[in-house]
Amino acid sequence: MNPAPNLILVGPMGAGKTSIGRRLAERFGLEFVDVDQAIVEDVGSGIPAIFENVGEHGFRAHEKRVLAALLERGGQLVSTGGGAVLDADNRQRIRSRGFVVWLRVGVPAQLQRLQRDKCRPLLQREDREQVLRDMAALRDPLYREVADLILDTDAHSPVEATAQLVVRVAAQWQNPEFSA
Ligand code: S3P
């Protein structure tokens, strides 16, 4: 059994990290923490405004700082932004402070789930499909590097994906909330 202090979700935009994460947190008695939301609260402006003001580079610096602070704590389900794995220090922290689930999704399902999205600055362009394909090529090996468990979400609703994960995670992860 893996005794990591947190359950951490990684994966691309549209994989269902927030919708599955909230349900999974409840099932495991964990506090649900969304890193993007924590950044917004810490910085005092929304993700699009942060990208506008300080660019992706500045956003990544906020992401790294907020993620490091959150992972000092335990007993949480931490839903990370799709690009959090780009940074080697983030990957090291994610690995050492969490049991890590990679929620995987193919580009067609991503395009469908994100078709009305206006909040993700990296997707506000015409060539969304190519952007998502390039991201997957770069990031999939990094998700794989940190993952303890992988679930394909393409064909599943959040309720179905959560039900599958409850069984698989419980078999492999020693939840600190239940083992004190
Ligand atoms: C990003 C994913 C977003 C958010 C930001 C950048 C990315 O989070 O952190 O827009 O680089 O993939 P979600 O994966 O929760 O959408």
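Residues numbered from 1 in each chain as written. Predicted model: local features only at pLDDT ≥ 70, side-chain atom pairs only at ≥ 80, totals over all residues. Heavy atoms only, no water.

**Student:** What am I meant to see in the layout of surface pockets here?
**Tutor:** By volume, the largest pocket is sized at about 750 Å³. Along the wall of the largest pocket there are 37 residues; nearest its centre are M13, K17, T18, D36 and R120. At the level of elements, α1 (17-28), α2 (35-43), α3 (47-70) and α6 (128-146) are the ones that each hand at least two residues to the lining of the largest pocket. The element best represented in the lining of the largest pocket is α3, accounting for six residues. (1 Å grid on protein atoms, 1.4 Å probe; cavity = no way out; pocket = protein on both sides within 12 Å on 5 of 7 lines; lining within 4 Å. Points joined across faces, edges and corners; volume = space filled by probe spheres on them. Helix = DSSP H or I, 4+ residues; strand = E, 2+ residues; numbered from the N terminus.)

**Student:** Can you help me understand the sheet that holds strand β5 (residues 149-152) in this one?
**Tutor:** Pairing between sheet strands relies on hydrogen bonds along the backbone, with the strands arranged either parallel or antiparallel. If you trace the five strands from one edge of the open sheet to the other, you get β2-β3-β1-β4-β5, paired in parallel fashion. The two strands at the open ends of the sheet, each matched to only one other strand, are β2 (31-34) and β5. Within this sheet the neighbouring strands show an average axis-to-axis angle of 20°, counted without direction. Where strand β1 (residues 6-10) lies against strand β4 (residues 98-104), five bridges are found, and the strand directions are parallel. The partner of I8 across the bridge, within β4, is V100. The strands touched by α2 within the sheet are β2 and β3 (76-79), with β2 carrying the most contacts at an inclination of about 70°. Sitting on the sheet, helix α7 (residues 158-172) is in contact with β1, β4 and β5, with an inclination near 165° to β5. (Pairing = 2+ DSSP bridges. Axes fitted to C-alpha atoms, helices over the stretch in contact; angles between N-to-C directions. Contact = heavy atoms within 4.5 Å.)

**Student:** Help me understand the UniProt feature "binding site: Mg(2+)" (unreviewed entry) in the protein chain in this model?
**Tutor:** This chain's UniProt record puts "binding site: Mg(2+)" (unreviewed entry) on T18. Counting through the fold element by element, T18 comes out in helix α1. Look at T18 and you get partly exposed, because its relative accessible area is 34%. Those residues in contact with T18, other than ones at most four positions away along the chain, are F32, D34 and S79. (UniProt positions renumbered as here; feature names shortened; annotations may be inferred. Buried < 20%, exposed > 50% of the residue type's maximum accessible area, 1.4 Å probe, protein only.)

**Student:** Even after reading the chapter, I still don't get α2, so can you show me in this structure?
**Tutor:** The α-helix winds at 3.6 residues per turn, so residues separated by three or four positions along the chain end up facing the same way. Regarding α2, the residues found buried are V35, A38 and I39. In a view along the axis of α2, the buried residues occupy a sector of 105°, so they form one face of it. Those residues of α2 that are buried lie in contact with β2, α3 and β3. You can read the cap of α2 off the contacts: a side-chain oxygen lies 3.1 Å from the backbone nitrogen of D36, and it is on D34. Backbone geometry just after α2 places G44 at a positive phi near 85°. (Arc of directions from axis to C-beta. Polar contact = N/O pair within 3.5 Å; in protein donor to acceptor, adjacent residues only side chain to side chain.)

**Student:** Explain the pattern of salt bridges to me, please; I cannot follow it from the model alone.
**Tutor:** Between side chains of opposite charge, pairing is possible as soon as their charged atoms come close. This model, assessed by the stated rule, comprises twelve salt bridges. K64 is paired through a salt bridge with D89; the nearest N and O atoms lie 2.6 Å apart. A residue pair is termed long-range when its members are at least 10 positions apart, and K64 in helix α3 and D89 in helix α4 (residues 88-97) qualify at 25 residues. (Salt bridge = Lys/Arg side-chain N within 4 Å of Asp/Glu carboxyl O.)

**Student:** What am I meant to see in the UniProt feature "binding site: substrate" (unreviewed entry) in the protein chain here?
**Tutor:** UniProt's entry tags D36, R60, G82 and R139 with the feature "binding site: substrate" (unreviewed entry), counted in the numbering of this structure. For the largest pocket, the lining residues among the annotations just cited are D36, R60, G82 and R139. Note that R60 resides in helix α3. With residues up to four places along the chain from it excluded, the contact list for R60 reads G83, A84, L86, L122 and R139. Its place among the elements puts G82 in the loop between β3 and α4. We classify G82 as buried; its relative accessible area is 9%. Those residues in contact with G82 that lie beyond four places of it in its chain are G11, P12, K17, R139 and Y143.

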